[in-house]
Amino acid sequence: MSAGTLDLLSGLNEGQRAAVTAPDGPVLVLAGPGSGKTRVLTHRIAYLIRERGIHPSAIMAVTFTNKAAGEMKARVEKILDDKLKGLQVGTFHAICARLLRRESEHTPQRADFLIYDTDDQQSLINQALTELNLDSKKYKPRSLLNTISGAKNELIGPREFVGQGYLGEVTSRVYSRYQELLITNNARDFDDLLMDTAILFRDTAQVREKYQRFYEYLLVDEFQDTNAAQYVLVSLLAAPQNNVFVVGDEDQAIYAFRGADYRNVMQFRKDYPQAKVILLEQNYRSTQIILDAARGVIDQNTHRTPKALFTDRRGGSPITVFEAYSDQEEAEYVVSIVEQQRKRQGMDYRDFAIMYRTNAQSRALEEAFIKEGVPYKLVGGVGFYKRREIRDLLAYLRLVNNVDDSVSFNRIINVPKRGIGKKSVEDFQSWAAKQHFTFSQALEALSNGEVSSLGNSAIKKFIEFNNLLKAWQEIAQSNDLAALLDDIIAQTHYTLHLHETSDTTDEALERDENVREFRGLLKDKVGISLSEFLEEIALVADVDTLADDMNAVTLLTLHAAKGLEYPYVFLTGLEEGILPHMRSFDEPDGMAEERRLFYVGITRAMQRVYLTYAFRRMTYGESSPGVPSRFLRDIPAGLTEGMSARLTKDIDRRSYMEETTWDKPSLPIGSSTSRSLLSPPPTPKAPAPKDNLKYRTNQNVRHAKFGEGVVIESKRSGGDEEVTVSFKSVGIKRLAASFANLQILD
DNA sequence: GGGCCGTCGCTTTTT
DNA sequence: GCGACGGCCC
């Protein structure tokens, strides 16, 4: 064995070593959290290249985010001390997009197709609904898109799609029209990237065989979060030699909502019975207490392979549980602990991560961080690319790239105002459709003086617009994207438009600033073509934007936290309806997935975990009461500090509301840990006088459909009484008293 | 054609 | 509490 091999394998445990040096053929690595799976993947690639003499370009590795891909490539290059030409590392989506462009002659879309995000999809589905004369109030675009996305992930195209009943029939029509529109717009949605590539491989032997020959070795990270399309892609690409190396952990499957199926891990064992299976159980990240807590949680899930995670890091600090009065107080608590631990333990801001179930929860946290001047970085949320001014300018860029993009066309045809109103746009579209023209053909036809059904002044305006587009396309040829943007802003008087459409000067200045930032971004893209730039920004993940070099506290969703680790981790908003999320109550396997999400959160921590929940939380702009998450009870007693006695007993919501001391002004504030808040504890407000109300807190009631439940809160709302009831079967519901017809039981 | 104002429905999670 | 959309009026 050469010195190089020793390098590659030293410091690896037995399981890791077995994985890295596994012979050709299928390999399945079942890797618990913190068991060094990234290490195994990088060392495996390095091993293939150095010890087996495989050319880097014959290796494809698939990761979950672009950030992970970049890190993986950098680590392999560091191990081998070499720049690796042709090593393909990327996300499924990015790899598929590239492939579909290269093989565009075998597909309906052209090589320069656009990638539509969720907002674009929404506009397109609305367009389809309008064309089909369907009411978007009756057929929710969101839910239609969910169904369509689900079908695509199962490789069911619009032709094969069969829906149940009338709604299914409608969905089928919408799906077909939506897909036609995507093709005429020369665009693909995220799901198409996977579906179209899988179908291309499945149906076109010539293409399939070409890539099968080209990529001799395939490695896939986070295999538990692959969907059917991805599974098919992997198996088609890996054949016939099946040098496929997959790494995953069923307990960390958290993407079922986008079609992922952790059973793919077991399916892999069935499809490749000769696969070498390696279990990685030693954890190098967390203390024993953290692992025991995590295990207490995940053991509640049935139908799983039990794992015995262990670590050499005995003991550790207990898990701290904190009950706050409000979401605001919860946020203040988090900030105060960060400051306290930073000073006492000599931690850096970058050592802390604050996690939550939904993006909306970041708001209260951000406010507290800003108030106390503690630096933080937010992952995802309402991102830069969601802002109106950025979307407008992006729509211009996209239209320059591809005039047939109807979503961008509709967005900016009259923004800023150029006198082309709704009526003119409709006339233009129906005329173009009648002539079987694409948008670009229709604009050209008007410019060439072709007779149309449009009015003369409208025709003139469309021709002017077409001339602008042509001039911009000219500039785009030079690949100077900043110059292109400058010209678009100048010709359209966009800055003036921003000031006219902003409510305050401050708002206008902020939007201006965003435009400048966008310009700066384009300025850095030297030598990159417009279509390359558009692809780059379409496929960035939220975590991809995380700045590692910045010393600040990280705020992120539990989903975004996958694959990351931090010395200190806060899991916030641990309340019924949030984690577990309300929407999971009536989904099959919903609760198990929520529990895995909680598990993923806890296992990100190296040293300490803080679990927090609030008695009251702002939702929809009003404060409503909450109940501690059931998951808190899954943590074995003895591992926590500050856990309320109320939680260690298995009590129902009703007794929680009775036993809690919040909202009862005669009693002292019943917080469970010593307070170290930056601001004094809030004074709980006395319950508002509940005159004329039929229902009262703690009353037992029965609903015709939901069954028995307990009233959490009741209050006036409009002319009616609004009752919040926690039902045994369906959880918390908010009802209008006059319609709900609740029967009072006691 | 465009601007203003009221109503509604809504929030998981993401490439 | 906010943004999308529709109706109404100039």
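Placed above this text is the structure.
How each quantity is defined
- Residues numbered from 1 in each chain as written.
- Chains lettered and ligands numbered in written order.
- Predicted model: local features only at pLDDT ≥ 70, side-chain atom pairs only at ≥ 80, totals over all residues.
- Heavy atoms only, no water.
- Core = buried A, V, L, I, M, F, W, Y, C linked by side-chain atoms within 4.5 Å.
- Buried < 20%, exposed > 50% of the residue type's maximum accessible area, 1.4 Å probe, protein only.
- Helix = DSSP H or I, 4+ residues; strand = E, 2+ residues; numbered from the N terminus.
- Contact = heavy atoms within 4.5 Å.
- Pairing = 2+ DSSP bridges.

Explain the nonpolar core to me, and be specific about the residues and the numbers.
Residues Phe268, Leu397, Phe409, Phe428, Phe462, Phe518 and Phe533 are the most contacted members of the largest nonpolar core, which totals 108 residues. When residues in this core are grouped by element, the largest group, eight residues, is from helix H16 (residues 388–401). Not counting residues within four places of it along the chain, the set of residues in contact with Phe428 comprises Phe409, Phe439, Ala442, Leu443, Leu446, Leu454 and Phe462. Ranked by size, the runner-up nonpolar core spans 42 residues in total, among them Ala560, Leu574, Ile635 and Met643.

Provide a residue-level description of unusual backbone geometry, including the pertinent values.
Following Val415, the chain continues into Pro416 via a peptide bond in cis, with omega recorded as -10°. If you trace the backbone, Pro416 turns up in the loop between helix H17 (406–412) and helix H18 (422–434). Even without a glycine there, the phi angle at Asp81 is positive, about 50°. Note that Asp81 resides in the loop between helix H4 (66–80) and strand E3 (88–91). Judged by relative accessible area, Asp81 falls into the exposed class, the value being 69%. Phi at Asn242 is positive, roughly 60°, even though this residue is not glycine. Mapped onto the elements of the fold, Asn242 is located in the loop between helix H11 (228–238) and strand E7 (244–248).

Break down the environment of Arg519 for me, with residues and values.
Positionally, Arg519 belongs in helix H23 (residues 505–523). Once the C-alpha coordinates of Arg519 and Met195 are considered, the two residues, 324 residues apart in sequence, prove to be 34 Å apart. What Arg519 contacts, discounting residues up to four positions off in sequence, is Ala482, Leu485 and Asp486.

Give me the pairing of strand E13 (residues 566–571): which residues, what numbers.
The element E13 is largely enclosed, with a buried count of six among its six residues. In terms of strand pairing, strand E10 (residues 352–356) meets E13 through four bridges, oriented parallel. Residue Ile354 lies in a different strand from E13, and its bridge partner there is Phe570. Across five bridges, the pairing between E13 and strand E14 (residues 605–619) is parallel. Looking at E14, one finds that Leu571 is bridged to Leu611.

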